[in-house]
Amino acid sequence: MERYLSFAAWCRETYGRRLYRTALDANMTCPNRDGKIGTRGCIFCAGGSGDFAVKYDGAPMKREDMIFNHQNASEGDYIAYFQAYTNTYAPVERLRKLFTAALEDTLFAGISIATRPDCVDEDVLCLLKELKQNYPQKMFMVELGLQSIHETSAKWMRRGYPLAVFDECVRGLHEAGIDVIVHVIIGIPDETTEMILETIHHLNECHIQGVKLQLLHYLKGTDLGDLYEKNPDQFHVLSLEEYADIIALCIAHLNPDIVIHRLSGDGNGEYLLAPLWSKDKRRVLNTISRQLKVKNITQGCLLKP
Ligand code: SF4
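One structure accompanies this document, and this report is about it. Quick caveat, the model's predicted, so the values are computed rather than measured. (Residues numbered from 1 in each chain as written. Predicted model: local features only at pLDDT ≥ 70, side-chain atom pairs only at ≥ 80, totals over all residues. Heavy atoms only, no water.)

With that settled, the discussion passes to the packing of aromatic side chains. Across all of its chains, the model carries nine aromatic pairs by this definition. Both rings, one in Phe 7 and one in Trp 10, keep their centres 6.0 Å apart while their planes meet at 25°; by these two values the pair is stacked. Of the two residues, Phe 7 and Trp 10 both sit in helix α1 (residues 7-15), three residues apart, roughly one turn of that helix. Assigned by exposure class, Phe 7 and Trp 10 land together as buried. (Phe/Tyr/Trp six-rings, centres within 6.5 Å; stacked < 30°, edge-to-face > 60°. Helix = DSSP H or I, 4+ residues; strand = E, 2+ residues; numbered from the N terminus. Buried < 20%, exposed > 50% of the residue type's maximum accessible area, 1.4 Å probe, protein only.)

Judged by nonpolar contacts, the single largest core of 74 residues is most densely connected at Phe 82, Phe 99, Phe 166 and Leu 173. Considering each element in turn, this core owes the most residues, nine residues, to helix α8 (residues 240-253). Sequence-distant contacts of Phe 82, that is, excluding residues within four places in its chain, are made with Leu 24, Ala 26, Tyr 56, Asn 87, Leu 98, Phe 99, Ala 102, Ile 111, Ser 112, Ile 113 and Ala 114. By size, the runner-up hydrophobic cluster in this structure holds 14 residues, among which are Cys 42, Ile 43, Leu 216 and Tyr 218. (Core = buried A, V, L, I, M, F, W, Y, C linked by side-chain atoms within 4.5 Å. Contact = heavy atoms within 4.5 Å.)

A few words now on α8. Spanning 14 residues, α8 covers 20 Å between terminal C-alpha atoms, matching the ideal 20 Å at 1.5 Å per step. Taken residue by residue, α8 has Leu 240, Tyr 243, Ala 244, Ile 246, Ile 247, Ala 248, Cys 250, Ile 251, Ala 252 and His 253 as its buried positions. The secondary structure elements touched by the buried residues of α8 are β6 (179-186), α6 (193-206), β7 (210-215), β9 (259-262) and α9 (281-294). (Expected span 1.5 Å × (residues − 1).)

Attention now moves to the sheet that holds β7. If you trace the eight strands from one edge of the open sheet to the other, you get β2-β1-β3-β4-β5-β6-β7-β9, paired in parallel fashion. Of all strands in the sheet, those bounded by a partner on one side alone are β2 (54-55) and β9. Bridging between strand β3 (residues 78-82) and strand β4 (residues 108-115) involves five bridges; their strand directions are parallel. Opposite Ala 80, over in β4, you have Ile 111 as the bridge partner. (Pairing = 2+ DSSP bridges.)

Take empty space enclosed by the protein next. Per the counting criterion, the structure on display carries one cavity of 30 Å³ or more. In this structure, the largest cavity spans a volume of roughly 40 Å³. Taken together, Ile 186, Gly 187, Leu 215, Leu 216, Tyr 218, His 236, Val 237, Leu 238 and Pro 275 make up the full set of residues lining the largest cavity. Residue composition of the lining of the largest cavity, by class: seven nonpolar, two polar and no charged. (1 Å grid on protein atoms, 1.4 Å probe; cavity = no way out; pocket = protein on both sides within 12 Å on 5 of 7 lines; lining within 4 Å. Points joined across faces, edges and corners; volume = space filled by probe spheres on them. Nonpolar A, V, L, I, M, F, W, Y, C, P; charged D, E, K, R; others polar.)

On to the side chain of Asp 77, then. Examined against the element boundaries, Asp 77 turns out to sit in the loop between β2 and β3. Within polar-contact distance, the side chain of Asp 77 engages the side chain of Arg 17 at 2.6 Å. The residues contacting Asp 77, other than those within four sequence positions of it, are Arg 17, Arg 18, Leu 19, Tyr 20, Asn 72 and Leu 107. (Polar contact = N/O pair within 3.5 Å; in protein donor to acceptor, adjacent residues only side chain to side chain.)

Over its 13 residues, helix α2 (residues 92-104) extends 18 Å from the first C-alpha to the last, a length consistent with the 18 Å expected when each residue adds 1.5 Å. For α2, every residue scored as buried is listed here: Leu 95, Leu 98, Phe 99, Ala 102 and Leu 103. Projected down its long axis, α2 carries its buried residues within an arc of 130°, all on one side. Opposite the buried face of α2, at more than 90 degrees from it, the exposed residues are Glu 93, Lys 97 and Glu 104. (Arc of directions from axis to C-beta.)

Within the structure shown, the criterion is met by eleven salt bridges. Note that Asp 77 and Arg 17 form a salt bridge whose closest N and O atoms lie 2.6 Å from each other. Taken together, the residues Asp 77 in the loop between β2 and β3 and Arg 17 in the loop between α1 and β1 (20-25) connect sequence positions 60 residues apart. Relative accessible area serves as the criterion here: at 31%, Arg 17 is assigned to the partly exposed category. Each of Arg 21, Glu 143 and Lys 212 takes part in a single network of salt bridges with overlapping partners. (Salt bridge = Lys/Arg side-chain N within 4 Å of Asp/Glu carboxyl O.)

Set out below in structure tokens:
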């Protein structure tokens, strides 16, 4: 029994087959790193999660170019995932060239653009709307790294924009007919389970199309990793059981229409300081599945009518 709407299940329902993201690094930067907003980036940032991303300049791609070449996937089963850093933080004409190239590439069933809500201005919105209309047969998604609705958490992680900017961006993307996927981090210091569920309820109210629930990783080479190495005792690092409990509750409170794209994180194991259990992804997913079964949780089961 499927207890939640996974991305794989949604792809099968919508496209009749599984689709696989392939992470791209289009040589962007981020206003939270280049000095416009900040220079140190978000406290956990190790390059906008682009560890496994392939350099991309718009040239046609082959399957051999990809780092993860899924055995069951054929041409047209991949999604061009613009992952590294902030992928709308560049002149619009450059963005047009990159996104159009990926949409034209027969390797890709569509594109997914990871960015910050404060980097989606009117010009970017017009471009995204135009491309979405020009390629109606392609999947088209924008991913926003919100992480939490709470200002204390936003300040701690040095996110650099308030919740109102996120809300406005989601409204604009929806008016343009674009699906929105939101990243949420579980395990932010001092965030209680109630606070995490408040974030989930807010996302329900925003009518987003998808969510990625990710564990806070303490990585070498990040400011958070440095703080952790100096004094690990100052942090409460979640255990696998605690994480599975929180994820189960998030699923129980999430609108059943929202597609769950991820239930853990894919941090670079080589740099991972904590939690080390997260390296074993299969065990993480099995523990979550068991928790859902034991507590008889299905997506949205605790939502009030
Ligand atoms: S917005 Fe993304 S790329 Fe920029 S500093 Fe934060 S995590 Fe890194």
